[in-house]
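# Report on the structure
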Amino acid sequence: MHLDSSIAVDQHPALLGSLVPPKGVKPLNFSPGPTSLAADVEAEIKSLFDAERMCSMYLSHRSPEFVDILHNTVKQFRIAMDIPDQYEILYMHGGGHGQFAAVPLNLCPQGNEKATYIVNGTWSKRAASEASKYCNVVTASSENPDGTFTSNPSFENLDPESKYVYLCSNETVNGIELHQLPKLGIDAPLVIDASSDFTTKHIDWLGANVGILYACASKNIGHPGATMCIIRKDLLGNSSKFCPGVLCYTTNIKEGNLWNTIATFNVEVTGIYAKWLLAQGGVQEMERRAIIKSDRLYKLIDQSNGFYSTPITDHAIRSRMNVPFDVAGGDASLTNDFILQAWEKGIVGLRTLTPFGTGKYMRASLYNGVSVENTGILASFMEAFMNANKTK
Ligand SMILES: *Cc1c(COP(=O)(O)O)cnc(C)c1O
């Protein structure tokens, strides 16, 4: 290592979560989000500024040029995700958190209706807490006594009076993923937070009784500022009278998604992502890559004789998007060494602050924008670090 000895180790940028590696070293970004876009997508975005028409960053949202971009973008996602005609597609403001409130405000007109929240990690827990302002939240939680999450709760015997059943299909912080949506024993529609796994696997929209699915753009399909919401038409028209217009699906659909100023540039970026994704081979190909990338890391962790460990032992629910791991049981000095040496090689984003603190584990996030090749570089680094530091 060539660390500058004048910097106290605990003040080192790498340990403060800096995403900028040493000068001249190419960053390999494994952040949980926002994160790097696929390289081809980034290149196309740069070209937007020199395009013949104006870049969407400064196109009026009501101009024919932008309306065209919006319609094309929605069309690409409909094709890529095989979204049936029974569903409307909207771009909303306010990120995932906006949807935590929007869902009950759109589905619970009285404000006292029951809604079941499957709580399998920190994001669904936060969604339940936000929703409890606007409806009667019933939770089915798998939280361990120490506040961690390492499993899913049962999907059986859910309250049949629920207006909807909410779940997060990939718990970004905890590393728990539903590789397939569950079929529930009750008629209530599913509401899915797919912020960190949207477009990385097929969705059985009608078969799984999906009512609403949303995804903030900043993980797999773009950058922060636009949230895609897919809403089954029969659920429209029931919003609470207190639902703000910007959060109201019915209002925004009626106005062609132009009730107020849509996030023009952010929307176009997601369209470029969708086009790239289709050209690569679609969702199936994204899933294939996600499996290759995450398998590489989980295998290495499982075969490390405890040098690395991951909290989720049940392979069937391990996230392909976010791989949490620790070094030597969380040993502080080896962990710092690991982060510093990774940073020297440009590997950044493994330990970032979340609203829930830094947590016990580091995390490698492997979204669509992270290539198989770059994941291989991380795995090789982890192997070399283990061989240099293991005691037996
Ligand atoms: C990132 C993330 C969010 C947070 O969304 P914001 O856009 O920050 O409001 C919500 N849910 C999940 C699953 C996430 O990964």
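Described in the following lines is the structure provided in the data block. Predicted model, so just to flag it, every value in this text is computed and none were measured.

One key point about sheets: their strands pair by backbone hydrogen bonds, in either a parallel or an antiparallel sense. Pairing within the open sheet is mixed, and its 7 strands lie in the order E2-E10-E9-E8-E5-E3-E4. At either end of the open sheet lies a strand with only one pairing partner, and these are strand E2 (87–92) and strand E4 (136–141). Here the average twist between neighbouring strands, direction ignored, is 20 degrees. Two elements, strand E3 (residues 114–119) and strand E5 (residues 165–168), share 2 bridges in a ladder whose sense is parallel. Within E5, the residue paired with Tyr117 across the bridge is Tyr166. Relative to the sheet, helix H2 (residues 64–80) contacts E2 and strand E10 (227–232), its axis offset from that of E2 by approximately 125 degrees. Against the sheet, helix H3 (residues 95–107) makes contact with E2, E3, E5, strand E8 (190–193), strand E9 (210–216) and E10, and its axis sits at roughly 160 degrees relative to E9, the strand it touches most.

Glancing now at empty space enclosed by the protein. According to the stated counting rule, one finds 3 cavities of 30 Å³ or more in the structure shown. In this structure, the largest cavity spans a volume of roughly 100 Å³. Forming the walls of the largest cavity are 13 residues, and the residues nearest its centre are Ala14, Ile339, Val348, Gly349 and Leu350. Elements with a contribution of two residues or more to the lining of the largest cavity: helix H8 (332–344) and strand E13 (347–348). If you tally residues by element for the lining of the largest cavity, the top one is H8, at 3 residues.

The next subject is the nonpolar core. In this structure, Tyr91, Phe198, Trp205, Leu213 and Ile230 are the most contacted members of the largest nonpolar core, which totals 54 residues. Among the elements that line this core, the one with the most residues is helix H6 (residues 264–280), at 8 residues. Not counting residues within four places of it along the chain, the set of residues in contact with Leu213 comprises Ile192, Ala194, Phe198, Ile203, Trp205, Met228, Cys229 and Ile230. Grouped together as the second largest cluster of nonpolar side chains are 33 residues, Val103, Val119, Ile212 and Tyr249 included.

The tally for this structure, following the rule as stated, stands at 16 salt bridges. Between Lys114 and Asp159 there is a salt bridge, and its shortest N-O distance comes to 2.8 Å. Of the two residues, Lys114 sits in strand E3 while Asp159 sits in the loop between E4 and E5, which places them 45 residues apart along the sequence. Owing to a relative accessible area of 26%, Lys114 belongs among the partly exposed residues under this scheme. Across the salt bridge formed by Glu143 and Lys125, the nearest N and O atoms sit 3.1 Å from each other. Taken as a pair, Glu143 in the loop between E4 and E5 and Lys125 in helix H4 (residues 122–131) lie far apart in primary sequence, 18 residues in all.

Our next topic: the packing of aromatic side chains. As enumerated under the stated definition, the model contains 15 aromatic pairs in all. Plain terms: the ring middles of Tyr117 and Tyr164 are 5.9 Å apart, the flat faces sit at 70 degrees to each other, and that makes the pair edge-to-face. Taken together, the residues span a long stretch of sequence, with Tyr117 in strand E3 and Tyr164 in the loop between E4 and E5 at a distance of 47 residues. Among the aromatic side chains, those forming a connected cluster through ring pairs are Phe307, Tyr308, Phe325, Phe338, Phe381 and Phe385.

Among the 13 residues in the neighbourhood of the ligand, the closest are listed as Gly96, His97, Thr172, Asp193 and Lys219. Contact distances for the ligand include 2.5 Å between an oxygen atom and a side-chain N or O atom of His97. With respect to the ligand, the side chain of Asp193 contributes an N or O atom lying 2.7 Å from a nitrogen atom. In terms of residue class, the shell around the ligand is made up of 4 nonpolar, 7 polar and 2 charged.

Turning next to the pairing of E3. Of all 6 residues that make up E3, 5 are buried, and the element is covered over most of its length. Where E3 meets E4, 6 bridges bridge the pair, whose relative direction is parallel. By the bridge assignment for E4, Thr116 is matched with Val138. Regarding the hand of the β-α-β motif, the stretch spanning E3, H4 and E4 is right-handed.

Basis of the calculations
- Residues numbered from 1 in each chain as written.
- Predicted model: local features only at pLDDT ≥ 70, side-chain atom pairs only at ≥ 80, totals over all residues.
- Heavy atoms only, no water.
- Pairing = 2+ DSSP bridges.
- Helix = DSSP H or I, 4+ residues; strand = E, 2+ residues; numbered from the N terminus.
- Axes fitted to C-alpha atoms, helices over the stretch in contact; angles between N-to-C directions.
- Contact = heavy atoms within 4.5 Å.
- 1 Å grid on protein atoms, 1.4 Å probe; cavity = no way out; pocket = protein on both sides within 12 Å on 5 of 7 lines; lining within 4 Å.
- Points joined across faces, edges and corners; volume = space filled by probe spheres on them.
- Core = buried A, V, L, I, M, F, W, Y, C linked by side-chain atoms within 4.5 Å.
- Buried < 20%, exposed > 50% of the residue type's maximum accessible area, 1.4 Å probe, protein only.
- Salt bridge = Lys/Arg side-chain N within 4 Å of Asp/Glu carboxyl O.
- Phe/Tyr/Trp six-rings, centres within 6.5 Å; stacked < 30°, edge-to-face > 60°.
- Near = heavy atom within 4 Å.
- Polar contact = N/O pair within 3.5 Å; in protein donor to acceptor, adjacent residues only side chain to side chain.
- Nonpolar A, V, L, I, M, F, W, Y, C, P; charged D, E, K, R; others polar.
- Right-handed = clockwise from strand over helix to strand, strands pointing away.

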